[in-house]
Amino acid sequence: MIVISNPFAVADEIRIIHSLFEEGLSMLHIRKPDFSELEMADFICQIKLEFQANLVLHNHHHLAEDFGINRFHFSEKERKSNFDHPARFSKPCRYNSTSTHSIEDFNSLESNFHYAFLSPVFKSISKENYHPKKDLFEEIKSRTNHKTKVVALGGINSENIQETLEKGFDDVALLGSIWNNKNPLNQFKLCQQIAQSYSL
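Fair warning: this is a prediction, and the values are worked out from it, not measured in the lab.

(A) Structural context of the overall build of the protein. Secondary structure assignment for the protein yields 9 helices and 8 strands. For 200 residues, the compact-globule formula gives about 16 Å, and the C-alpha radius of gyration of the protein, at 16 Å, lands near that figure. Considered along the principal axes of its C-alpha atoms, the protein spans approximately 40 × 40 × 35 Å. Long-range pairs, those at least 24 residues apart, make up 61% of the contacts in the protein between residues at least 6 apart in sequence. Here the protein has roughly 10,300 Å² of accessible surface; of this, 49% comes from carbon and sulfur atoms. Counting 22 positive and 26 negative side-chain charges, the protein places the centres of these two groups 2 Å from one another.

Shown next, in the form of structure tokens:
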């Protein structure tokens, strides 16, 4: 199960992030599109060293070398316009992910993506008026790409995680259900329990 940061500042954000990792979060995508390079570096610096290897950078990828981060996410736009595979970095082991919005797009991905978000599965919790144009549960039946894990994004919460995994998604990503919740940690623990019970 993946958590994506809120694009905007959240009260006690770093403390919550630490709590999520302490409760077993395996990957946090840092998506802060308005952050400058300095703001991004400062944000990462506040996260405990022991958790930095579990971070995924959505932008300012060049900062990865300084923080021992080896996970990158590429937006659909970046991937389609000029996907620059980060072979220019010295560390050989890189984990790449990307965003897709149709099964056709997902199926056509190159094999150097370890997983990809397919969204929106449900009506978004964090974005207004962002809802599925197609039934992705029907679409996923046409999946031909099995080298890349398909991760459900968009409106995922404790009430629909089990259905999402049962209907063919390999994993889920949470954003609004965590950051729009009065108790993000409790919500995460509930979602994690459901996801783990399904995978047992």
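(B) A look at the pairing of strand E7 (residues 149–152). The sheet contact formed by strand E6 (residues 115–118) and E7 spans 4 bridges and is parallel. Each residue of the ladder has a partner; that of Phe-117, found in E7, is Val-151. Inspection of the sheet shows E7 paired to strand E8 (residues 171–174) by 2 bridges, in the parallel sense. Looking at E8, one finds that Val-151 is bridged to Asp-171.

(C) Examining the packing of helix H1 (residues 13–22) against helix H9 (residues 184–199) more closely. The geometry of H1 relative to H9 is characterised by a closest axis approach of 10 Å and an angle of 25° between their N-to-C directions. Judged by the angle between their axes, H1 and H9 are roughly parallel. Remark: the crossing between H1 and H9 carries right-handed chirality. Counting all contacts with H1, which are made through Ile-16, Ser-19 and Leu-20, the residues of H9 involved are Pro-184, Leu-185 and Phe-188. Across the contact of H1 with H9, the residue classes tally to 5 nonpolar, 1 polar and no charged.

(D) Broad picture of the environment of Gly-154. Here Gly-154 lies in the loop between E7 and helix H7 (161–166). Given a relative accessible area of 10%, Gly-154 falls into the buried group. Sequence-wise, Gly-154 and Ser-126 are 28 residues apart; in three dimensions their C-alpha atoms are separated by 8.4 Å.

(E) Representation of the pairing of strand E5 (residues 95–100) within the structure. Among the 6 residues in E5, 5 count as buried, and that is most of the element. Sheet topology note: the strand E4 (residues 71–74)/E5 ladder contains 4 bridges and is parallel. Bridging across to E5, Phe-74 finds its partner in Thr-98.

Conventions used here
- Residues numbered from 1 in each chain as written.
- Predicted model: local features only at pLDDT ≥ 70, side-chain atom pairs only at ≥ 80, totals over all residues.
- Heavy atoms only, no water.
- Helix = DSSP H or I, 4+ residues; strand = E, 2+ residues; numbered from the N terminus.
- Rg over C-alpha atoms; globule rule 2.2 N^0.38 Å.
- Contact = heavy atoms within 4.5 Å.
- Areas by Shrake-Rupley, 256 points an atom, 1.4 Å probe, with all protein chains shown as cover.
- Lys, Arg positive; Asp, Glu negative; His and termini not counted.
- Charge placed at Lys NZ, Arg CZ, Asp CG, Glu CD.
- Pairing = 2+ DSSP bridges.
- Axes fitted to C-alpha atoms, helices over the stretch in contact; angles between N-to-C directions.
- Parallel < 35°, antiparallel > 145°, perpendicular 65-115°, else oblique.
- Left-handed = near helix turned anticlockwise from the far one by under 90°.
- Nonpolar A, V, L, I, M, F, W, Y, C, P; charged D, E, K, R; others polar.
- Buried < 20%, exposed > 50% of the residue type's maximum accessible area, 1.4 Å probe, protein only.

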